[in-house]
Amino acid sequence: MSGRGSRGSGGLPDLVVVGAGTMGAWTAFWANRAGLRTTLVDAWGAGHPRATSGDETRIIRSSYGDDALYARWSRAALAHWRRFGEEWGEPLFRPVGTLWLGHRPDGFEAASLATLRSEGIPVEQVAVDEARARWPQVAFEDDAYVLFEPEAGALMARQGTAAVARAFEREGGAFELSPARPGQAKDGRLLDVVLGDGRRLGAGAFVFAAGPWLPRVFPEVLGELIRVTKQDVFFFGPAGGDASFGPDRLPTWVDYDAAFYGVPAIDARGAKLAPDRYGPVFDPSAGERIVDPDSTRLARAYAARRFPALAAQPIVETRVCQYEMTPDAHFILDRHPDLANAWIAGGGSGHAFKHGPRIGEYLVGRLQGAPVGPGEERFSVGTKRVDDATLRTGADAMASGWQGY
Ligand SMILES: Cc1cc2nc3c(=O)[nH]c(=O)nc-3n(C[C@H](O)[C@H](O)[C@H](O)COP(=O)(O)OP(=O)(O)OC[C@H]3O[C@@H](n4cnc5c(N)ncnc54)[C@H](O)[C@@H]3O)c2cc1C
């Protein structure tokens, strides 16, 4: 589609985006910049605590095993996060690097090393002795396989999401605080969405970027494709005077095969650590955001083993988030199968936050007629998806029931 040039002249928007998480906020932002008169609708606002984008921080890394497309998307997204964070005067990206705590020489990390090198993305393989000297707060196994991505790091998630939505509004986009559901359809096209107070909002096209709520918005299309699970996150408070978990000393880190990851104590909020196993099915609207004793036990055991100085330290904050998993952990970025002007953006599967700027760019391109590029068929609704989340977390750890820690 192309803008109808109706900006400022009243009338219907060209585009309505439902959902102001990282996917929807960036889509609205780019659509508005592309000249589409755009309204962004969210039931609770951008970066609220129920949204998957509503946590404090997210890791941005380029390592994706042998998958070069996500490595490229991550780099493209990083450039936008950096640029706009600087432009808006908010340090949304924290350049702390990402440390990969590998357990074998032929695993995800080794595949990532090869991919990043061939893509020209900075990465270092670090010998264990050197790793111990550089990051003395981390307990490395003698046979650890360690990688470091020096240009990776952390994104300020809820702050960043809100910043994108604010920039969209500053640049002339319209924001509506309301739930919205698909309204009337005619001849294979959606005519409008219905807002919470019953008003109908029509548009030329619609993007539904409703994160974990997507299976409710389109149950017939997405009910079986996206599974929403509870994910518990912990912040450990270092001992008084211990600066070794701060962002100038500890990178973001991923223990892929053990399925744990973490973020340094940014803004003194505590060292973040989370088990990456799937929690129970979760209701993103009504679910209580209280962590389970079982994940607390897992997090504590891992912290004690990996970061000895945290072993006796308290958990000072917790978060409950949710994954919206597709079977193969690839996103869904596609046209609705029955509605030619309605698009679906979701299935973040535990790794989409960083890609928000690139996802938005991609969707606006597709809306304007760009074809599906090589490798991008993975994002289609109709693609055959096999159960496999290994682009985020090691299969063995997922299968083992987390008994190792
Ligand atoms: C614990 C955890 C750790 C993660 N770690 C990382 C990481 O390190 N790196 C990374 O890149 N990714 C990570 N992710 C994944 C990433 O956070 C998500 O993939 C991403 O935030 C999803 O964004 P979204 O825009 O699709 O959904 P959301 O952020 O959930 O946004 C959806 C929005 O839609 C709105 N909405 C829904 N339904 C309606 C409706 N009917 N009407 C109006 N508004 C509606 C909601 O209010 C919400 O604001 C992690 C996720 C979790 C849970």
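Report follows, based on the coordinates. Since the structure is predicted, the reported quantities are computational estimates derived from the model, not experimental observations.

So, the overall build of the protein chain
Line of reasoning, step 1. Counting its secondary structure elements, the protein chain contains 10 helices and 22 strands.
Line of reasoning, step 2. Compactness check: the protein chain gives a C-alpha radius of gyration of 21 Å against a globular reference of 22 Å for 405 residues, within 12% of the reference.
Line of reasoning, step 3. With the C-alpha coordinates of the protein chain rotated into their principal frame, the extents come out at 65 × 45 × 40 Å.
Line of reasoning, step 4. A buried classification covers 51% of the 405 residues belonging to the protein chain.
Line of reasoning, step 5. In the protein chain, of all internal contacts separated by at least 6 residues, the share reaching a separation of at least 24 is 74%.

Here's the deal with the packing of helix H2 (residues 68–87) against helix H3 (residues 108–119)
Line of reasoning, step 1. For the pair H2 and H3, the least separation of the axes is 10 Å and the interaxial angle reads 55°. Viewed along their axes, H2 and H3 adopt a mutual orientation that is oblique. Along this stretch, H2 crosses H3, giving a crossing that reads as right-handed. Contacts between H2 and H3 involve Ala 68, Ala 71 and Arg 72 from the former and Thr 115, Leu 116 and Glu 119 from the latter.

A word on the site of the ligand
Line of reasoning, step 1. Contacts to the ligand come from 38 residues, most closely from Gly 19, Gly 21, Gly 211, Gly 348 and Ala 352.
Line of reasoning, step 2. When residues of the shell around the ligand are traced back to their parent elements, those giving at least two are helix H1 (22–33), strand S2 (38–42), strand S3 (57–60), strand S10 (180–182), strand S16 (227–236) and strand S20 (315–325).
Line of reasoning, step 3. For the shell around the ligand, the class distribution of residues is 21 nonpolar, 13 polar and four charged.

Focus: the pairing of strand S18 (residues 260–263)
Line of reasoning, step 1. Going residue by residue along S18, you find Phe 260 and Gly 262 tucked away on one face and Tyr 261 and Val 263 tucked away on the opposite face as well.
Line of reasoning, step 2. Inspection of the sheet shows strand S17 (residues 252–255) paired to S18 by three bridges, in the antiparallel sense. For Val 254, the partnering residue across the bridge sits in S18 and is Tyr 261.
Line of reasoning, step 3. By the bridge criterion, four bridges tie S18 to strand S19 (residues 271–275) in an arrangement that is antiparallel. Across the sheet, Tyr 261 pairs through a bridge with Ala 274, a residue of S19.

Structural notes on H1
Line of reasoning, step 1. Taking 1.5 Å per residue, 12 residues should reach 16 Å; H1 reaches 17 Å between its end C-alpha atoms and fits that length.
Line of reasoning, step 2. The buried fraction of H1 amounts to 11 of the 12 residues, a majority that puts the element mostly inside the structure.
Line of reasoning, step 3. All buried positions along H1 are accounted for by Thr 22, Met 23, Gly 24, Ala 25, Trp 26, Thr 27, Ala 28, Phe 29, Trp 30, Ala 31 and Asn 32.
Line of reasoning, step 4. Buried residues in H1 make contact with strand S1 (15–18), S2, helix H5 (157–170), strand S15 (205–208), strand S22 (339–346) and helix H9 (356–367).
Line of reasoning, step 5. The positive-phi residue at the C-terminal boundary of H1 is Gly 35, with phi of around 95°.

Some details on the nonpolar core
Line of reasoning, step 1. If you look at the biggest cluster of nonpolar residues, it comprises 120 residues, and the most contacted ones within it are Val 18, Ala 25, Phe 206, Phe 208 and Ala 345.
Line of reasoning, step 2. When residues in this core are grouped by element, the largest group, seven residues, is from H1.
Line of reasoning, step 3. If we skip the residues at most four places from it in the chain, Ala 25 touches Ala 20, Leu 40, Ala 46, Thr 161, Val 164, Ala 165 and Phe 168.

Thoughts on the sheet that holds S2
Neighbouring strands of a sheet are bound in pairs by backbone hydrogen bonds; such pairs are parallel or else antiparallel.
Line of reasoning, step 1. Across the sheet, which stays open at both edges, the six strands sit in the order S9-S2-S1-S15-S22-S21 with mixed pairing between neighbours. This sheet does not close on itself; its edge strands, each paired only once, are strand S9 (174–177) and strand S21 (332–336). Along the sheet, successive strands turn relative to each other by an average axial angle of 20°, direction set aside.
Line of reasoning, step 2. Bridge analysis of S1 against S15 gives four bridges, and the strand direction is parallel. Considered in S15, the bridge of Leu 15 is made with Ala 205.
Line of reasoning, step 3. With respect to the sheet, H9 is in contact with S15, S21 and S22, its orientation differing from that of S22 by roughly 170°.

The rules behind each value
Residues numbered from 1 in each chain as written. Predicted model: local features only at pLDDT ≥ 70, side-chain atom pairs only at ≥ 80, totals over all residues. Helix = DSSP H or I, 4+ residues; strand = E, 2+ residues; numbered from the N terminus. Rg over C-alpha atoms; globule rule 2.2 N^0.38 Å. Buried ≥ 20, exposed ≤ 12 C-beta atoms within 10 Å, placed from the backbone. Contact = placed C-beta atoms within 7 Å. Axes fitted to C-alpha atoms, helices over the stretch in contact; angles between N-to-C directions. Parallel < 35°, antiparallel > 145°, perpendicular 65-115°, else oblique. Left-handed = near helix turned anticlockwise from the far one by under 90°. Near = placed C-beta within 6 Å. Nonpolar A, V, L, I, M, F, W, Y, C, P; charged D, E, K, R; others polar. Pairing = 2+ DSSP bridges. Expected span 1.5 Å × (residues − 1). Core = buried A, V, L, I, M, F, W, Y, C linked by C-beta atoms within 7 Å.

Don't take any of this as a statement about function, it's just geometry.
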